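# Structural overview
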Amino acid sequence: MADFFFHTTLGQLLLIVLETLAVLVPLLLGVAYLTLAERKVMAAMQLRKGPNVNGPFGVLQAFADAIKMLTKETVIPSGANRMLFLFAPFLTFSLAMVAWAVIPTGNGLAIANINVGVLYLLAISSLGVYGILIAGWASNSKYAFLGGLRSAAQMVSYEVSIGLVIVSVLLAVGSLNLNDIVLAQRNVWFCLPMFPMFIVFFISALAETNRAPFDLPEGESELVAGFFVEYSALAFGLFFLGEYANMFLMSGMVSILFLGGWLPPLGIAPFTWIPGPLWLIAKILFCLFVFIWVRATFPRYRYDQLMRLGWKVFLPFSLAWMVLSAGFLMVTGLLPGGAG
Amino acid sequence: MMTQIVFYVFAAVLVLSATMVVCARNPVHSVLFLILAFFNAAGLFLIAGAEFLAMTLVIVYVGAVAVLFLFVVMMLDVNFARMREGVQRYAPIGGVVGGVLLVELIMAFTRWRVASNIDQVGHIVPSSPTRTNTAALGDVLYTHYIFLFQSCALVLLVAMIGAIVLTLRDRPTGRRQNIDRQHDRTPADSLEMLQVPLGVGVAAQGGFLRPHTSYDVASVPGSYGTQAWREQEMEEETQTALVVITPAAGTKGQDNA
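Source: prediction; values computed, not measured. (Residues numbered from 1 in each chain as written. Chains lettered and ligands numbered in written order. Predicted model: local features only at pLDDT ≥ 70, side-chain atom pairs only at ≥ 80, totals over all residues. Heavy atoms only, no water.)

Time to look at the pattern of salt bridges. Residues and elements named next belong to chain A. Scanning all chains against the criterion turns up 5 salt bridges over all chains. In this structure, the salt-bridge partner of Asp215 is Arg300, at a minimum N-O distance of 2.8 Å. Remark: Arg300 occurs in the loop between α12 (276-297) and α13 (303-332) and Asp215 occurs in the loop between α8 (195-208) and α9 (220-223); sequence separation between them is 85 residues. Members of the salt-bridge network, linked through shared partners, are Glu38, Arg211 and Arg295. (Salt bridge = Lys/Arg side-chain N within 4 Å of Asp/Glu carboxyl O. Helix = DSSP H or I, 4+ residues; strand = E, 2+ residues; numbered from the N terminus.)

Written out as structure tokens, the structure reads:
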């Protein structure tokens, strides 16, 4: 059986399909339940009950929402560019899915363990802006277009500091391979020595996923719902799922870059009993909880404040930290050089 | 075999989408075809084993440059009919420019020779199965050609500063905000509680209510604009005061409780 999977072309193709399903099915279920978790957690923080009608504790609410979304009518505005209008949600959704190809869930356990894994993630996340920009433009609506433009400017701005934060992590690792990045954290997770970068990265991740307090592209009070104001039914559902899948992806990136990926907090007995993938899932869930916590806590930023934070605070700070950590690693001789 | 098929697929789509960039009627479609072309070029890099270049192409060109293109093109208000009016008139000029470029390209490529010392590059970067091409590129750029690389960076820096200098104007009408001043504001600076007499309304207060010291940043001297403009504005402000709050006759004004 193992021979079939590893030594025949058909077997390898099947293996890839099975691996993909093993990642995507839990991911999509997770996305469905993240929407429920968000409503439940926010309800608890605001002393409400949240959804509690469908099923025990409202666990069937996610499916009720999905069925509602699927059975609604897809409305395409008359002035819209039909092709691009329908293309945008599919792009957003599929980009949020393909990025998971390189996320390692255990030592060497990734669909594709490629050498430039970090760059791949950076490339995919920088493409996310197109789905939003195209949606805003193709809708042929002022509100949608403004939302799309806001989002594009915001995502491009915060990608710069995300890139610099990743560079300072890479300096300490000496490899672009995500597997190596996690293995480099065996002694200490990077969130401790690089705590300021951890915070910068997390806040940038909030901005990158258009989450509160940086959810200006959606700004329902001034832009109705931003770039997806014209979307309904399945197309809207795909945007919605893509956005939540992006939250999962960003939490995954935070876990891998700073929280030691699949590694247990301490390499001793009770912690090592739990398998690696479960540790990674636990870390991702923790990050997602913080995403929701932030949303329930902070008011929305003003747009100029958002831009100022990105360009005038995070960019110089992460640049300075990058230079500082490079110098520190060089002086102490900890720089992992010449590995390649 | 498989690699060749993939190569021809990528190459065909690349050429087709590059053609569509020029031919598409809608400029937004042109930019989107350009992005498709970038993608296929990245695919070709991947086939050649240059994974770092492939990812960098996507990050830099698709993730940053093309976003700015799309940004500009989407916001342009292009009149397609008028744009096509000139095609007949400019076709000869375009044809001549295209022809000259084509002849030059043919001349360049027919005389293309590989440099005789090309194998020296191989000595600089010894290839080994464990060496990633990120490390190899870094070695070439930062170890062996560091001065040339830094000169390129300097040229780009000069271009960047030039662009900023050319476009940055100190516009006198611009309302530049000072974040520190915004944060330093207290209710005492900006808010004044007025006791409006019953049945009199704001008309008696001079039209509308406002604090004695205006909360507008514009009234703080030296906060923005050029020096000459600031002085002029301050003078105008004092000469033509828009609102002067004077207690209306017959009431005791603010003290009326």
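Quoted interface sizes are often the accessible area lost when the parts come together. Contacts between the two partners involve 27 residues from chain B, matched on the other side by 26 residues from chain A. Together, the buried faces of chain B and chain A total about 2,300 Å²; carbon and sulfur atoms form 75% of this surface. Sorting the residues of chain B by area buried against chain A places Met55, Ile59 and Met74 of chain B first, and these three jointly supply 24% of that buried surface. Here chain B is connected to chain A by 0 salt bridges. Within the residue set of the side of chain B that touches chain A, elements represented by two or more residues are α2 (27-47), α3 (51-75), α7 (133-144) and α9 (179-184) of chain B. The element contributing the most residues to the side of chain B that touches chain A is α3 of chain B, with 13 residues. Here the residues of the side of chain B that touches chain A are counted per class, giving 17 nonpolar, 8 polar and 2 charged. (Contact = heavy atoms within 4.5 Å. Buried area = accessible area lost by both parts, 1.4 Å probe. Nonpolar A, V, L, I, M, F, W, Y, C, P; charged D, E, K, R; others polar.)

On to unusual backbone geometry. All names here are of chain A. Positive phi outside glycine occurs at Leu47, with the angle close to 55 degrees. Mapped onto the fold, Leu47 is located in the loop between α2 (9-45) and α3 (61-71). Under the relative-accessibility criterion, Leu47 is labelled exposed at 79%. (Buried < 20%, exposed > 50% of the residue type's maximum accessible area, 1.4 Å probe, protein only.)

Turning to the domain arrangement of chain B, a few remarks are in order. For chain B, the assigned domains read domain 1 (1-76) and domain 2 (131-162). For domain 1 of chain B versus domain 2 of chain B, the distance between C-alpha centres works out to 24 Å. (Domains from an automatic or database assignment.)

Here we come to the nonpolar core. All names here are of chain A. If you look at the biggest cluster of nonpolar residues, it comprises 115 residues, and the most contacted ones within it are Tyr130, Ile166, Phe201 and Phe258. Take this core: its biggest share by element is 16 residues, from helix α5 (residues 117-138). In contact with Phe258, other than residues within four places in its own chain, are Val165, Val169, Gln185, Trp189, Phe190, Cys191, Met194, Met197, Phe198, Phe201 and Met253. (Core = buried A, V, L, I, M, F, W, Y, C linked by side-chain atoms within 4.5 Å.)

The next subject is the UniProt feature "transmembrane region" (unreviewed entry) in chain B. When the UniProt feature table is mapped to this numbering, "transmembrane region" (unreviewed entry) covers residues 6-24, 31-52, 58-78, 90-109 and 145-168 of chain B. Taken end to end, residues 6-24 of chain B is 95% helix and 0% strand, and its first and last C-alpha atoms sit 26 Å apart. (UniProt positions renumbered as here; feature names shortened; annotations may be inferred.)

Here the focus is the packing of aromatic side chains. Aromatic rings considered in pairs are described by the distance between their centres and by the relative angle of their planes. This model, assessed by the stated rule, comprises 18 aromatic pairs over all chains. With 6.2 Å between their ring centres and 50 degrees between their planes, Phe195 of chain A and Phe198 of chain A make a pair best called tilted. Highlighted residues: Phe195 of chain A and Phe198 of chain A, both in helix α8, separated by 3 residues, approximately one helical turn. In this structure Phe195 of chain A comes out as partly exposed when scored by relative accessible area, which is 45%. Phe198 of chain A gets classed as buried once you look at its relative accessible area, which sits at 15%. Residues Phe38 of chain B and Tyr61 of chain B carry aromatic rings whose centres are separated by 5.3 Å and whose planes lie at 45 degrees to one another, so their mutual orientation is tilted. (Phe/Tyr/Trp six-rings, centres within 6.5 Å; stacked < 30°, edge-to-face > 60°.)

Residues and elements named next belong to chain A. Within the secondary structure layout, Thr92 lies in helix α4 (residues 82-98). Thr92 sits 148 residues away from Phe240 along the chain, and the two C-alpha atoms are 9.4 Å apart. With residues near it in sequence (within four places) discarded, Thr92 still touches Gly131, Ile132, Phe239 and Gly242.

All names here are of chain B. Scored by pLDDT, chain B comes out at a mean of 76, with 66% of its residues at no less than 70. Contacts for the low-pLDDT stretch residues 211-219, under 50 throughout, to residues beyond four places or in other chains number 14 contacts. Per-residue pLDDT stays below 50 along residues 221-225; that stretch engages in 17 contacts with residues further than four places along the chain or on separate chains. As scored by the predictor, the complex reaches a pTM of 0.80 and an ipTM of 0.83. (pLDDT = per-residue confidence, 0-100.)

Let's shift gears to α13 of chain A. Residue and element names in this part refer to chain A. For α13, built from 30 residues, the straight-helix expectation of 44 Å at 1.5 Å per residue is met to within 8% by its first-to-last C-alpha distance of 42 Å. Helix geometry: α13 is bent most strongly at Phe314, by close to 35 degrees, with proline Pro316 lying one to four residues after it. Residues Leu306, Met307, Leu309, Gly310, Phe314, Leu315, Ser318, Trp321, Met322, Ser325 and Leu329 constitute the buried set of α13. Looking at the buried positions of α13, the neighbouring elements they touch are α6 (142-173) and α8. Positioned one or two residues after α13, Gly333 has a phi angle of 70 degrees, which is positive. (Expected span 1.5 Å × (residues − 1). Bend = angle between axes of the 7 residues up to and from the residue.)

The subject of this paragraph is a nonpolar patch on the surface. Residue and element names in this part refer to chain A. On the surface, Val17, Leu18, Leu21, Val25, Leu29, Phe57, Val59, Leu60, Phe63 and Ile67 cluster together to form a nonpolar patch covering roughly 940 Å² of accessible area. At the level of elements, α2 and α3 are the ones that each hand at least two residues to the nonpolar patch. Residue position: Leu29 is located in helix α2. (Patch = residues over 30% accessible without salt bridge, like charges linked within 9 Å, V, L, I, M, F, W, Y side chains within 5 Å. Areas by Shrake-Rupley, 256 points an atom, 1.4 Å probe, with all protein chains shown as cover.)

The next subject is the side chain of Ser325 of chain A. All names here are of chain A. Residue placement: Ser325 occurs in helix α13. Side-chain polar atoms of Ser325 contact the backbone oxygen of Met322, separated by 3.0 Å. Discounting chain neighbours no more than four positions away, the residues touching Ser325 are Ser168 and Leu171. (Polar contact = N/O pair within 3.5 Å; in protein donor to acceptor, adjacent residues only side chain to side chain.)

All names here are of chain B. In this fold, Ile106 is placed in helix α5 (residues 87-110). Residue Ile106 is classed as partly exposed on the basis of its relative accessible area, which comes to 48%. In this structure, the C-alpha to C-alpha distance between Ile106 and Asn133, residues 27 residues apart in sequence, is 32 Å.

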